[in-house]
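# Structural features, examined
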Amino acid sequence: MPPTPFAPSHTTPFKSTLSTAMHGRRAAPPPAASASWPPSAASLLGALDARHWRFLAEGGANLLVAYDGPAPSPWRGPHGQRLALRLTKRSRALHGASGSTTHAPVDATAWREQVVAPLLGEDVASALPATVCLPLALPAAQAFVEQLAARIEMHRPAARRRQDGIDTHAAQLWAVEDLSAPDAQGRDVLLMEIKPKWGFLPAATHLDGTSAPHKRSTSRYRMHRVLKAQQAGVTVGREQWEQTYDPLQLYADDECSREQAVQALTREWRWGEWPADGARGKKSNNLKLFLKGKEVDTADTQELESWRGHLSSTASVDLDSLESLTGAMLSVLRPALSSDSQLATALQRLAQLQRRLDALDVEGLAARWRSETGCAFGSCSGADGTTSEEASVLLAPPTLEEYAAVVQLFLAHEQRLGRDSDEQAVRQTQAQLAACPLRQATLAFLLSATFKDCSIMLRCLPGQETDTAWRLEVRLIDLDPKPLARLAHYEALDREIVECFATWCEAQK
Ligand SMILES: O=P(O)(O)O[C@@H]1[C@@H](OP(=O)(O)O)[C@H](OP(=O)(O)O)[C@H](O)[C@H](OP(=O)(O)O)[C@H]1OP(=O)(O)O
Ligand SMILES: Nc1ncnc2c1ncn2[C@@H]1O[C@H](COP(=O)(O)OP(=O)(O)OP(=O)(O)O)[C@@H](O)[C@H]1O
């Protein structure tokens, strides 16, 4: 059977088929959305005024601003929906008019419709937020971005400001469903952002004898934490390390493990990574909370108080007790942690995609690259300094059509796998990735990297009237393509992570 075609959702009203109510039930559908929502790019571009926006959040490559202007406006929907703007950033180290920090080789809308959504499958893809691409060719739009960049600069975190700024020469920006916006009744929404990272351990097949014991037993994320601590000059003991967030627990098929993951995420949200001697540690990016459209700063007592007040006016939450804080988080999240919840379904598919598309592991793929091209992974220069024609072709910017073809092959392969166990499925996928053209195996690996780095947004809506239960809506964000130019980095980082972890384990004995 051919894979189910994906029906584009950017032109459809906001979908909430992946919303969960208490006990994992599906939530009632949202109020009937009008056919004109989200609006066209032209009407959104016609209503841009830099004074109507405020800083919302940013990552390594993009920055979000929220609409704070008057209503009615095309940026506000008929049922309280709001659109935010997602702008690309540009590294300060880059000079000249081009050179955005983002690395989108393909059209973002087509990427979503032809690559991301079909891979996620219809159910999970309905969690992708509504998005409209806004081309910035008009001089007025260009002037808007420049004014906006200047206005919000002082609201950005200092560390990010040093590194980059809004790319005022970008060819486009995106209007995206603002997940931090109030609900249809205008009530504040608690938004939880979880960056779950890698949810699997690689198969042993292509692993080196020295890396296998570590990579087969410890999540990549937790090994990476040791390297990051070392790079930051922080000394970490095993007991402290044992308490760190473990993605394998969040992706696990039992509620108890998921609750443990929530506890670890809560600890690091409240006190930061590696707190010592009463001092807060570095802010973690695996769990963030937003209230009233602003990220809750856990170093600010007033903001914590406001978060506590929002959770419940009666329950007493001790802000200095991990147990109490975890209990408060679980009181909101518990329905989403059951195995039949939509969050669990999304996590399960993410882990499957991460694992299957990376079935060779970077070690196996890099070995294949070396043996077929004679060049280092991600490079087209041979040991003798000559350029390999074959590897040059492999490094050409991938087209959307190529990615879409890989997706179709992968989905057809998955159809053949049927109900095989995950282990069998990975073995068979390894065989497929070893036999298909190297270019396709490489693109599959990059697709896996996309799913390893996305975030899950949980819009936590207060219950209606007498119903005190929270309703949770699940969304997936940050599913951008990863650049081919990063291949060498992936191999080097993998080696560095394992070597550092192995040395650290020795030192702990
Ligand atoms: O390599 P990782 O696992 O550290 O992931 C990077 C992330 O670091 P993290 O460990 O989550 O703090 C990193 O996150 P931060 O910028 O550190 O918040 C990015 O997400 C980066 O991807 P990109 O540069 O936006 O394409 C991520 O790079 P990719 O590995 O996804 O290319
Ligand atoms: N639709 C949205 N509504 C509200 N907030 C959002 C939305 N999309 C993104 N954000 C916030 O903006 C941040 C940056 O967005 P995004 O993840 O797209 O950027 P990025 O640079 O690609 O991130 P990363 O560095 O993690 O790869 C997110 O981490 C999240 O906090």
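That block above? That's the structure.
The present account deals with the structure reproduced in this document. Nothing here was measured: the structure is a model prediction, and the numbers come from that model.

### Comments concerning helix H16 (residues 400-417)
Between its terminal C-alpha atoms H16 stretches 26 Å, which fits the 26 Å expected from 18 residues at 1.5 Å a residue. For H16, the complete set of buried residues consists of Leu 400, Tyr 403, Ala 404, Val 406, Val 407, Phe 410, Leu 411, His 413, Glu 414 and Leu 417. Looking at the packing, one finds that the buried side of H16 touches helix H2 (108-120), helix H13 (342-357), helix H17 (422-435) and helix H18 (438-452). At the exit of H16 stands Gly 418, carrying a positive phi of roughly 55 degrees.

### As for the nonpolar core
The tendency in soluble globular proteins is for nonpolar side chains to be buried side by side. Ranked by internal contacts, the top residues of the largest apolar core, which has 89 residues, are Leu 119, Leu 120 and Trp 307. If you tally residues by element for this core, the top one is H18, at nine residues. Residues within four places of Leu 120 in sequence aside, it is in contact with Ala 125, Leu 128, Arg 349, Leu 350, Leu 353, Phe 451, Leu 476 and Leu 479. Trp 75, Leu 85, Ala 141 and Ala 149 belong to the second-largest nonpolar core, a separate cluster that totals 26 residues.

### Here's the deal with the packing of helix H14 (residues 361-373) against H18
Taken N-terminus to C-terminus, the directions of H14 and H18 make an angle of 155 degrees; their axes are 11 Å apart at the nearest point. Of the possible angle classes, the one that applies to H14 and H18 is roughly antiparallel. Along this stretch, H14 crosses H18, giving a crossing that reads as left-handed. Here Val 362, Leu 365, Arg 368, Trp 369, Glu 372 and Thr 373 of H14 come into contact with H18, specifically with Leu 438, Ala 441, Thr 442 and Phe 445. The class makeup of the residues in the contact of H14 with H18 is six nonpolar, two polar and two charged.

### Some details on the packing of aromatic side chains
Per the counting criterion, the structure on display carries twelve aromatic pairs. For the pair Trp 241 and Trp 504, a centre-to-centre distance of 5.2 Å together with 55 degrees between the ring planes defines the contact as tilted. Here Trp 504 lies in helix H19 (residues 487-508) and Trp 241 lies in helix H8 (residues 238-242), a separation of 263 residues in the sequence. Ring geometry for Trp 369 and Phe 377: centres 5.5 Å apart, planes at 85 degrees, overall edge-to-face. Per residue, the accessibility class of Trp 369 equals that of Phe 377, and both read buried. The rings of Trp 369, Phe 377, Phe 445 and Tyr 490 are connected pair by pair, giving a single aromatic cluster. In this arrangement the basic side chain of Arg 222 is found over the ring face of Trp 241, its NZ or CZ atom lying 4.5 Å from the centre. We note Lys 452 situated over the ring of Trp 198; from NZ or CZ to the ring centre the distance is 3.9 Å.

### Things to note about the site of ligand 1
In the vicinity of ligand 1 lie 14 residues, with Arg 220, Lys 228, Asp 453, Arg 486 and Tyr 490 positioned nearest. Within the contact set of ligand 1, an oxygen atom lies 2.7 Å away from a side-chain nitrogen or oxygen of Asp 453. Between Arg 486 and ligand 1, the recorded distance is 2.4 Å, taken from a side-chain N or O atom to an oxygen atom. Burial of ligand 1 by the protein amounts to 77% of the accessible area it has alone, namely 600 Å². Only helix H7 (220-231) and H19 provide two or more residues apiece to the shell around ligand 1. Of all the elements, H7 adds the most residues to the shell around ligand 1, at three residues. Here the shell around ligand 1 is built from residues that sort into two nonpolar, four polar and eight charged.

### Quick look at the site of ligand 2
For ligand 2, the set of nearby residues contains 22 residues, the closest of which are Gly 60, Ala 61, Arg 86, Glu 193 and Asp 478. The side chain of Asp 478 places a nitrogen or oxygen atom 2.6 Å from an oxygen atom of ligand 2. Against a free-state accessible area of 610 Å², the protein chains account for coverage of 92% of ligand 2. Those elements that provide at least two residues to the shell around ligand 2 are strand E2 (53-58), strand E3 (62-67), strand E7 (172-177) and strand E9 (287-291). Counting residues per element, the shell around ligand 2 draws most heavily on E2, which supplies three residues. Within the shell around ligand 2, the residues separate by chemical class into nine nonpolar, three polar and ten charged.

### Quick word on the packing of H16 against H18
Direction vectors running N to C along H16 and H18 enclose 85 degrees, while the axes themselves pass 10 Å from each other. Comparing the axis directions of H16 and H18 gives the class roughly perpendicular. Facing Glu 402, Tyr 403, Val 406, Val 407 and Leu 409 of H16, the residues of H18 in contact are Arg 439, Gln 440, Leu 443, Ala 444, Leu 446 and Leu 447. Taken together, the residues of the contact of H16 with H18 break down into eight nonpolar, one polar and two charged.

What counts as what
Residues numbered from 1 in each chain as written. Chains lettered and ligands numbered in written order. Predicted model: local features only at pLDDT ≥ 70, side-chain atom pairs only at ≥ 80, totals over all residues. Heavy atoms only, no water. Helix = DSSP H or I, 4+ residues; strand = E, 2+ residues; numbered from the N terminus. Expected span 1.5 Å × (residues − 1). Buried < 20%, exposed > 50% of the residue type's maximum accessible area, 1.4 Å probe, protein only. Contact = heavy atoms within 4.5 Å. Core = buried A, V, L, I, M, F, W, Y, C linked by side-chain atoms within 4.5 Å. Axes fitted to C-alpha atoms, helices over the stretch in contact; angles between N-to-C directions. Parallel < 35°, antiparallel > 145°, perpendicular 65-115°, else oblique. Left-handed = near helix turned anticlockwise from the far one by under 90°. Nonpolar A, V, L, I, M, F, W, Y, C, P; charged D, E, K, R; others polar. Phe/Tyr/Trp six-rings, centres within 6.5 Å; stacked < 30°, edge-to-face > 60°. Lys NZ or Arg CZ within 6 Å of the ring centre and 35° of its normal. Near = heavy atom within 4 Å. Polar contact = N/O pair within 3.5 Å; in protein donor to acceptor, adjacent residues only side chain to side chain. Areas by Shrake-Rupley, 256 points an atom, 1.4 Å probe, with all protein chains shown as cover.

Purely geometric stuff here, so don't read any function into it on its own.
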